[in-house]
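The lines below spell out each chain.
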Amino acid sequence: MESCRQTVYELTEKAPVINFFSSTSVIDINVFFYLSMNGKLKMFLAILSVYPLGIQAQGIDDVISSLKTTGHFDATVDYSVLMSLQDDVDYTLHLQSWEAPGDTLSPCDYLIDWKVATPSGDATGFSAYYDGHAYNFRGDRLLEYHFDRDSTLFKTRGTGAASLPGVQRRAQFSELLPQFIAEQLAEIKDNPDYTCTVHPDTVINGKKCIAVDGVMDMSGQILKEFLYVFDASGKMPLMVNLENNPGALAEQSINATYTYKPATSGSTESISEEKLLTLYPEIFDRYRESNFAIEKLPGQRLPGFALPTTTGERYSRMLGDRFRATTIIALLDPKAAFSEATVGAVRDAVDKLPFNSDVIWAFTGNNVDEIEHIIPSIRVGEHLLMSAKPLARDCGATSFPTLIICRPDGTVSDVILGYNNDLSSVVIQKAASSVK
């Protein structure tokens, strides 16, 4: 007679109706409620899985392969965390991922948006990764990591259970992306501490699905119970349930339920910094701390912009437009200590150059009195602009003053960050190099 095992998973109050089928029998599903010690109503899904204890999962390779080769993934996820020692937490997630076949750092590019209700209102944030660039915004702080600048942050440190993955692999909720789930299932399949089974003909709310359930058992102690449910046709995730430390004081239950919009003809273009700047302009304006982007600007075309002048007109240029001459764009904060000194140094340098050059004074503020106190009047070849935060953002400038030296063809020759006593000489040197 076959040995049997009963596995218990905690779900939300809106549990689906599930039937598991095997080749020989129908597996009964019982849904019941209980009142926990903290007074919250919780629901358990009891799954009576009929198979010999210790059997390795059959048919899991097809699921792993399908998840690994997911192209553009786009889903909304209701994510709840039920904890015995803390209040429950409910997130709304928007997950997107894209194939990254040549990337050795991550199984995919991704963009993760999250929202959670707090007593003071909704808190939001995002994580993103592509091509060696990782971003994380949480709690009014934008952190970014770039492989070109510091590759060690992208490498796993330590070994075994104490290992710490690279920043691109430990973004919150990244484990819910199909490509990352594929890695988890591969670990479950190959690690002797896991026992699992695959139910290829599961039915949820009348829809055929594939389910993978099992436990992680170390030295006779169950550390985790898990259930993954996938669409039977496309093998995309529909539900993930995890029980961490079941039965312990620090027990934690996680339930993630996926929903998908109907297929559209919308853009499936992968993530990039340009796309992030478009999606989160205010976050990059207010919270960006790194100068990495502007340090990579030389050799590229200056972004297009349209900004007001202090006299109520508008100065515009498109990406790829030429300049009349070598042009210095001075990004200035009218409240910063060295703005006035920067204006003097740049003008001194322009007067000493052996060729004509123009200057665009681009102030991030919009107080005309403050700006005109620093520059009471402009000279021939100068333009005085304000409200230049979008230009600073698009260039990646996070500190001021910042000087961008452009060739007449509209490409950036060099950048100068900050003020120093030799600024005039530095501007002369950089501007002269731009015409060679």
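Structure: see above.
Cut-offs and rules
- Residues numbered from 1 in each chain as written.
- Predicted model: local features only at pLDDT ≥ 70, side-chain atom pairs only at ≥ 80, totals over all residues.
- Heavy atoms only, no water.
- Core = buried A, V, L, I, M, F, W, Y, C linked by side-chain atoms within 4.5 Å.
- Buried < 20%, exposed > 50% of the residue type's maximum accessible area, 1.4 Å probe, protein only.
- Helix = DSSP H or I, 4+ residues; strand = E, 2+ residues; numbered from the N terminus.
- Contact = heavy atoms within 4.5 Å.
- Pairing = 2+ DSSP bridges.
- Axes fitted to C-alpha atoms, helices over the stretch in contact; angles between N-to-C directions.
- Expected span 1.5 Å × (residues − 1).
- Phe/Tyr/Trp six-rings, centres within 6.5 Å; stacked < 30°, edge-to-face > 60°.

Student: In this structure, what is going on with the nonpolar core? I would like to understand it.
Tutor: Nonpolar side chains in soluble globular proteins tend to end up buried together. Counting 47 residues, the largest nonpolar core has Tyr79, Leu185, Tyr228 and Tyr258 as its most contacted members. At six residues, the largest contribution of residues to this core is made by strand S6 (residues 73–83). Those residues in contact with Tyr258 that lie beyond four places of it in its chain are Phe73, Ala75, Thr76, Val77, Leu95, Leu176, Ile181, Pro237, Leu238, Met239 and Val240.

Student: Please explain the sheet that holds strand S19 (residues 326–332) as it appears in this structure.
Tutor: In a beta sheet, neighbouring strands are held together by backbone hydrogen bonds and run either parallel or antiparallel to one another. Within the open sheet, the five strands sit side by side as S21-S20-S19-S22-S23. Their pairing is mixed. In this open sheet, the two edge strands, each paired with only one partner strand, are strand S21 (382–385) and strand S23 (412–417). Sheet twist, expressed as the mean angle between neighbouring strand axes with direction ignored, is 15°. In this sheet, S23 lies alongside strand S22 (residues 402–406) in antiparallel orientation, the contact comprising five bridges. The residue of S23 that forms the bridge with Ile405 is Asp414. Packing of helix H6 (residues 339–352) onto the sheet brings it into contact with S19, strand S20 (357–363), S21 and S22, and relative to S20 it is tilted by some 170°.

Student: What's the story with H6 in this structure? I'm lost.
Tutor: Think of an α-helix as 3.6 residues a turn; residues three or four steps apart then line up on the same face. An ideal rise of 1.5 Å per residue puts 20 Å on 14 residues; H6 measures up with 20 Å between its terminal C-alpha atoms. The set of residues buried in H6 consists of Ser339, Thr342, Val343, Ala345, Val346, Arg347, Ala349 and Val350. Contacts made by the buried residues of H6 are with S19, S20, helix H7 (368–374), S21, S22 and helix H9 (423–433).

Student: Sorry, what's going on with the packing of aromatic side chains here?
Tutor: Any two aromatic rings considered together are summarised by their centre-to-centre distance and by the angle between their planes. Applying the stated rule across the entire model yields 19 aromatic pairs. A centroid spacing of 5.0 Å and a plane angle of 80° characterise the contact between Tyr79 and Phe173, whose relative ring orientation is edge-to-face. With Tyr79 in strand S6 and Phe173 in the loop between strand S11 (141–146) and helix H2 (178–190), this residue pair connects regions lying 94 residues apart in the sequence. Pair check on accessibility: Tyr79 and Phe173 agree, each one buried. Seen from their ring centres, Tyr91 and Trp114 are 6.1 Å apart, and the 80° between their planes marks the pair as edge-to-face.

Student: I tried to follow the pairing of strand S10 (residues 133–138) on my own but got confused; where do I start?
Tutor: Two faces make up the sheet, and in a regular strand the side chains alternate between them. As paired elements, strand S9 (residues 121–130) and S10 share five bridges and run antiparallel to each other. By the bridge assignment, Ser127 is partnered in S10 with Asn136. Following S9, the chain reverses through two residues before pairing antiparallel with S10; Asp131 in that reversal takes a positive phi of roughly 45°. Adjacent in sequence and paired antiparallel, S10 and S11 are bridged by two residues, among which Gly139 carries a positive phi angle near 60°.

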